[in-house]
Amino acid sequence: MKYWLMKSEPATYSVDDLAKRRKPDIWEGCRNYTVRNFFRDIMKAGDLAFFYHSSCPEPGIVGVMRIVGDAYPDPTQFDPKSPYHDPKSPRDNPRWLARDVELVAKYPRVVTLSELRATAGLEGMEVLKRGQRLSVLPVTEAEWQAVARLVG
DNA sequence: GCCAACGTTGGC
DNA sequence: GCCAACGTTGGC
């Protein structure tokens, strides 16, 4: 099993939006080939992922999700009304993939970006690297455990 | 295949 | 709103 960190702007889709579903929901709109390849080749059903809020007053990790099922074509790429519409994506060979996720736990508090930066053992964490902009990032088991200890 | 221009991300 | 970083596009 692998570990991940998945970013979302809470104004667009927050951990509370996922919590309200009370069932798996689609993680859609990823438009980056590295992320597409993660979804296609590396991420597996049962993997765990941190839910990370970005571009907001308190960026940080807000909960844990589990990956459900397999990757499948992201329907928003074919929807002209969607902000994620990609008119160049061929119907018979879709460019972009989505995953389904279910909420495992919403944390009782935000584990903030500044707290992550200050935590021993997280020095190499991808999300802390300067210039790192991928919305889905791998997390090592040691990093996963270190973050879990922060929330008890 | 190169690479400059452009667009996006995301913390601050 | 700024801007550094870096992915994508497209002319050549």
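So, how was this worked out
Residues numbered from 1 in each chain as written. Chains lettered and ligands numbered in written order. Predicted model: local features only at pLDDT ≥ 70, side-chain atom pairs only at ≥ 80, totals over all residues. Heavy atoms only, no water. Helix = DSSP H or I, 4+ residues; strand = E, 2+ residues; numbered from the N terminus. Rg over C-alpha atoms; globule rule 2.2 N^0.38 Å. Contact = heavy atoms within 4.5 Å. Lys, Arg positive; Asp, Glu negative; His and termini not counted. Charge placed at Lys NZ, Arg CZ, Asp CG, Glu CD. Near = heavy atom within 4 Å. Polar contact = N/O pair within 3.5 Å; in protein donor to acceptor, adjacent residues only side chain to side chain. Nonpolar A, V, L, I, M, F, W, Y, C, P; charged D, E, K, R; others polar. Buried < 20%, exposed > 50% of the residue type's maximum accessible area, 1.4 Å probe, protein only. Arc of directions from axis to C-beta. Phe/Tyr/Trp six-rings, centres within 6.5 Å; stacked < 30°, edge-to-face > 60°. Salt bridge = Lys/Arg side-chain N within 4 Å of Asp/Glu carboxyl O.

Draft legend 1. Focus on the overall build of chain A. From N to C terminus, chain A includes four helices and six strands. If you list the helices and strands of chain A from N to C, you get β-α-β-α-β-β-β-α-β-α. Compactness check: chain A gives a C-alpha radius of gyration of 15 Å against a globular reference of 15 Å for 152 residues, within 12% of the reference. By sequence separation, contacts in chain A at least 24 residues apart represent 74% of the contacts at least 6 residues apart. Within chain A, the 20 negative side-chain charges are centred at a point lying 2 Å from the centre of the 23 positive side-chain charges.

Draft legend 2. Structural view of the protein's contact with DNA strand C. In the neighbourhood of DNA strand C, the contacting residues comprise Asn32, Tyr33, Lys88, Arg130, Gly131 and Arg133. Sugar plus phosphate: this is where 81% of the atoms of DNA strand C within 4 Å of the protein reside. Within the side chain of Lys88, an N or O atom sits 3.4 Å from a phosphate oxygen of DNA strand C. Between DNA strand C and Arg133 there is a distance of 2.7 Å, counted from a base oxygen to a side-chain nitrogen or oxygen. Looking at side-chain class alone, the surface near DNA strand C contains one nonpolar, two polar and three charged residues.

Draft legend 3. Expanded view of helix 4 (residues 141-151). Among all positions of helix 4, only Glu143, Trp144, Ala146 and Val147 are buried. Taken down its axis, helix 4 places every buried residue within 165° of arc, on the same side. Exposed and facing more than 90 degrees away from the buried side of helix 4 are Ala142 and Arg149. Buried residues along helix 4 sit in contact with strand 1 (3-8), strand 3 (48-53), strand 4 (60-73), strand 5 (97-112), helix 3 (113-117) and strand 6 (136-139).

Draft legend 4. How the structure looks around the packing of aromatic side chains. Summed over the entire model, instances satisfying the criterion amount to seven aromatic pairs. Residues Trp4 and Phe38 carry aromatic rings whose centres are separated by 5.3 Å and whose planes lie at 55° to one another, so their mutual orientation is tilted. Of this pair, Trp4 sits in strand 1 while Phe38 sits in helix 2 (residues 33-42), and the two are 34 residues apart along the sequence. The exposure class of Trp4 is buried, given its relative accessible area of 1%. Seen from their ring centres, Tyr13 and Phe51 are 6.3 Å apart, and the 15° between their planes marks the pair as stacked. Of this pair, Tyr13 sits in the loop between strand 1 and helix 1 (15-21) while Phe51 is found in strand 3, placing the two residues 38 residues apart along the sequence. The class for Phe51 is buried, based on a relative accessible area of 0%. Through a chain of ring-to-ring contacts, the aromatic side chains of Tyr3, Phe50 and Trp144 assemble into a single cluster.

Draft legend 5. Representation of the pattern of salt bridges. Counting across every chain of the model gives nine salt bridges. A salt bridge links Asp74 to Arg31; the nearest nitrogen and oxygen atoms lie 3.1 Å apart. Separated by 43 residues along the polypeptide, Asp74 in the loop between strand 4 and strand 5 and Arg31 in the loop between strand 2 (25-27) and helix 2 bring together distant segments of the chain. In this structure, the salt-bridge partner of Asp41 is Arg40, at a minimum N-O distance of 2.9 Å.

Everything listed here is a matter of coordinates, which is why it stays silent on function.
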